[in-house]
Amino acid sequence: MDERASTLVVMGASAGGVEALTTLVHGLPEDLDAAVCVVLHLPATIESRLAAILSRAGPLPAIQARGGEQLLPGRIYVAPPGLHLTVHSGHTVVARGAHENGVRPSIDVLFRSAAVSYGHRTVAVVLSGARDDGVSGASAVGSRGGCVFVQDPADSLFASLPEHAVSRDHPDRVLPLAQLAAAVADAVRRLSEEVKVSENGDGDMRLETEYATLDADALERDAPPGESPLYGCPACGGVLWELEDGELPRFRCRVGHAYSAEGAVEAQGGSVETALWTALRALQERAQLSERLAARVGAAGAKQSQARFEEFAREAHEQAEAIRGLLVGNGSGSDG
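Per chain, residues are indexed from 1 in the order of the written sequence. Only residues with pLDDT of 70 or above have their local features reported here, since the model is predicted, and side-chain atom pairs are shown and tallied only from 80 upward, although totals for entire chains, interfaces and linings are computed over all residues. The basis for the side-chain values is all heavy atoms of the structure; hydrogens and waters are excluded.

1. Focus: the packing of helix H1 (residues 17-26) against helix H6 (residues 177-190)
Turning to step 1, where the next piece is worked out: Their axes nearest at 8 Å, the elements H1 and H6 cross at an angle of 45 degrees. When the axes of H1 and H6 are compared, the pair comes out oblique. For the pair H1 and H6, the crossing hand works out as right-handed. Within the contact between the two elements, H1 uses Glu19, Ala20, Thr23 and Leu24 and H6 uses Leu177, Leu180 and Ala181.
Turning to step 2, where the next piece is worked out: By the convention adopted, Pro, Cys, Tyr, Trp, Phe, Met, Ile, Leu, Val and Ala count as nonpolar, Lys, Arg, Asp and Glu as charged, and the other residues, Gly among them, as polar. Partitioned by chemical class, the residues of the contact of H1 with H6 number five nonpolar, one polar and one charged. To get an axis, fit a line to the C-alpha atoms, keeping to the stretch in contact for a helix; angles then go from 0 to 180 degrees between the N-to-C directions. Comment: elements are numbered from the N terminus, with helices defined as DSSP H or I runs of at least four residues and strands as E runs of at least two. Roughly parallel means an angle under 35 degrees; roughly antiparallel means over 145; roughly perpendicular covers 65 to 115; every other angle is labelled oblique. In this scheme the handedness of a crossing depends on how the near helix is turned from the far one: anticlockwise by less than a right angle means left-handed, clockwise means right-handed. Whether two residues are in contact is decided by their heavy atoms, any of which lying within 4.5 Å being enough.

Following this line, the structure appears as structure tokens:
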């Protein structure tokens, strides 16, 4: 007998997410007729205790996904740090795919794969967090007929992610944290009734999920879906391709790095700052080398060469000072 869950609940959180997730799973019923998958943004270098925390918080047992687990009703599967969590054919998949929105695991990746695999039988929950990873994935769930709940921004420790989700799309409900568990349980019960599954964007969603899992066929495509405006990928330097996604586009390079519109601008800003720091270091080294050479040739009596190296040093100092001024003006002068 096939015990796999026919309905999937996916939850995504970032900053403030541990508190939100523990409160939410505490209120879920023991007989929840759905599997639950969770992404929480955590540094890849730490050992996550989230599965143990969630197991203690509520009636549903939680494990950290390793890949290949059958998705069973009444079980929670947590994304491991540094790896994307997706679902396929009723099982978990974990992969070291390209970062999306600068993070891995990505909420967008999980939500999008759930929309592809479970369609209208997906319940997505967007919780407290920073930035906007999860917004595009929630929209994908909605476009396939699934149900989207968003934690009330006023009730969130960090409101940025819920605010983006509310402003970008039209979630089914925007609720305080204390009311989300009951709403999720009601939605799971309602989804026991068969309805037609929307096929909106299924092909592109499936392809984007394949990029996240480093699928060889996806990576060997001539290019990602979309049009190329010839912007460079902040992560790898490759060309970014523009995908239509509502009012604002998203971007993806051919190896899979993906960004929301806001995330692309922010990441490009980081690339510019990195380039400025590199230029500042190079100019300081050029000035120091020129000064050393000027002193050496001057001691040997080569006055013309000494003057030329001194001029090189003066120009390098002036250019370095101009770049230093840009970094200080950007609030970055103390981070070097």
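Moving on from the coordinates now.
2. Some remarks on the environment of proline 234
Turning to step 1, where the next piece is worked out: Inspection of the secondary structure assignment puts proline 234 in the loop between strand E10 (227-232) and strand E11 (239-243).
Turning to step 2, where the next piece is worked out: Throughout this description, buried means an accessible area under 20% of the type-specific maximum (1.4 Å probe, protein chains only), exposed means over 50%, and partly exposed covers the range between. Under the relative-accessibility criterion, proline 234 is labelled partly exposed at 22%.
Turning to step 3, where the next piece is worked out: Between the alpha carbons of proline 234 and glutamate 266 there is a distance of 9.5 Å; along the sequence they are 32 residues apart.
Turning to step 4, where the next piece is worked out: Those residues in contact with proline 234 that lie beyond four places of it in its chain are Leu240, Tyr259, Ala267, Gln268 and Ser271.

3. What to know about the pairing of strand E6 (residues 91-95)
The side chains of a regular strand alternate between the sheet's two faces.
Turning to step 1, where the next piece is worked out: A pair of strands is considered paired only if DSSP assigns at least 2 bridges between the two. Looking at chain direction, strand E5 (residues 84-88) and E6 are connected through five bridges and run antiparallel. Pairing of valine 87 across the sheet is with threonine 92, part of E6.
Turning to step 2, where the next piece is worked out: Here E5 hands over to E6 after two residues, with serine 89 in that stretch at a positive phi of 50 degrees.

4. A closer look at the sheet that holds strand E1 (residues 8-13)
Turning to step 1, where the next piece is worked out: If you trace the seven strands from one edge of the open sheet to the other, you get E3-E4-E2-E1-E7-E8-E9, paired in parallel fashion. The open sheet is flanked by strand E3 (62-64) and strand E9 (173-175), the only strands paired with a single partner. Pairwise comparison of adjacent strand axes, ignoring direction, gives a mean angle of 20 degrees for this sheet.
Turning to step 2, where the next piece is worked out: Sheet topology places strand E8 (residues 147-151) next to E9; three bridges connect them, and they run parallel. Across the sheet, phenylalanine 149 pairs through a bridge with arginine 173, a residue of E9.
Turning to step 3, where the next piece is worked out: Set on the sheet, helix H3 (residues 107-118) makes contact with E1, strand E2 (35-40) and strand E7 (122-126); between it and E1 the angle comes to about 165 degrees.
Turning to step 4, where the next piece is worked out: Taken strand by strand, helix H4 (residues 135-143) contacts E7 and E8, and its axis lies near 145 degrees from that of E8.

5. Digging into the pattern of salt bridges
Turning to step 1, where the next piece is worked out: We define a salt bridge as a side-chain nitrogen of Lys or Arg found within 4 Å of a carboxyl oxygen belonging to Asp or Glu. In the structure shown here, the tally under the stated rule is six salt bridges.
Turning to step 2, where the next piece is worked out: Here arginine 281 and glutamate 285 are joined by a salt bridge, their closest N and O atoms 3.2 Å apart. Of this pair, arginine 281 and glutamate 285 are both found in helix H9 (residues 261-299), four residues apart, which corresponds to roughly one turn of the helix.
Turning to step 3, where the next piece is worked out: Residues joined in a network through salt bridges with shared partners are Glu311, Arg314 and Glu318.

6. As for the side chain of arginine 104
Turning to step 1, where the next piece is worked out: Its location among the elements puts arginine 104 in the loop between E6 and H3.
Turning to step 2, where the next piece is worked out: In this count, Lys and Arg are taken as positive residues and Asp and Glu as negative ones, while His and the chain termini are left out. Glutamate 100 is the oppositely charged side chain nearest to the buried, salt-bridge-free arginine 104, at an N-O distance of 11 Å.
Turning to step 3, where the next piece is worked out: Any pair of N or O atoms that falls within 3.5 Å is considered a polar contact. Within protein, one atom must be able to donate a hydrogen and the other to accept it, and sequence-neighbouring residues count only if both atoms are side-chain atoms. Polar contacts involving the side chain of arginine 104 include one to the main-chain carbonyl oxygen of glycine 82, which spans 2.6 Å.
Turning to step 4, where the next piece is worked out: Of the polar contacts made by the side chain of arginine 104, one reaches the backbone oxygen of glycine 97; its length is 2.8 Å.
Turning to step 5, where the next piece is worked out: In this structure, arginine 104 is in contact with Gly82, Leu83, His84, Ala95, Arg96, Gly97 and His99, ignoring residues within four places of it in sequence.

7. Details of the environment of glycine 129
Turning to step 1, where the next piece is worked out: Within the secondary structure, glycine 129 sits in the loop between E7 and H4.
Turning to step 2, where the next piece is worked out: Look at glycine 129 and you get buried, because its relative accessible area is 0%.
Turning to step 3, where the next piece is worked out: With 30 residues separating them along the chain, glycine 129 and alanine 159 place their C-alpha atoms 6.3 Å apart.
Turning to step 4, where the next piece is worked out: Residues contacting glycine 129, with those up to four places away along its chain left out, are Ser14, Ala15, Phe158, Ala159, Ser160, Leu161 and Pro162.

8. Notes on unusual backbone geometry
In most cases, non-glycine residues show a negative phi, while peptide bonds are predominantly trans.
Turning to step 1, where the next piece is worked out: Note the cis peptide between arginine 104 and proline 105, where omega equals 10 degrees.
Turning to step 2, where the next piece is worked out: Unlike most non-glycine residues, serine 89 shows phi in positive territory, near 50 degrees.
Turning to step 3, where the next piece is worked out: Topologically, serine 89 is positioned in the loop between E5 and E6.
Turning to step 4, where the next piece is worked out: Residues other than glycine seldom take positive phi values, yet asparagine 101 does so here, at roughly 55 degrees.
Turning to step 5, where the next piece is worked out: Looking at the secondary structure, you find asparagine 101 in the loop between E6 and H3.
Turning to step 6, where the next piece is worked out: Classification of asparagine 101 as buried rests on a relative accessible area of 5%.

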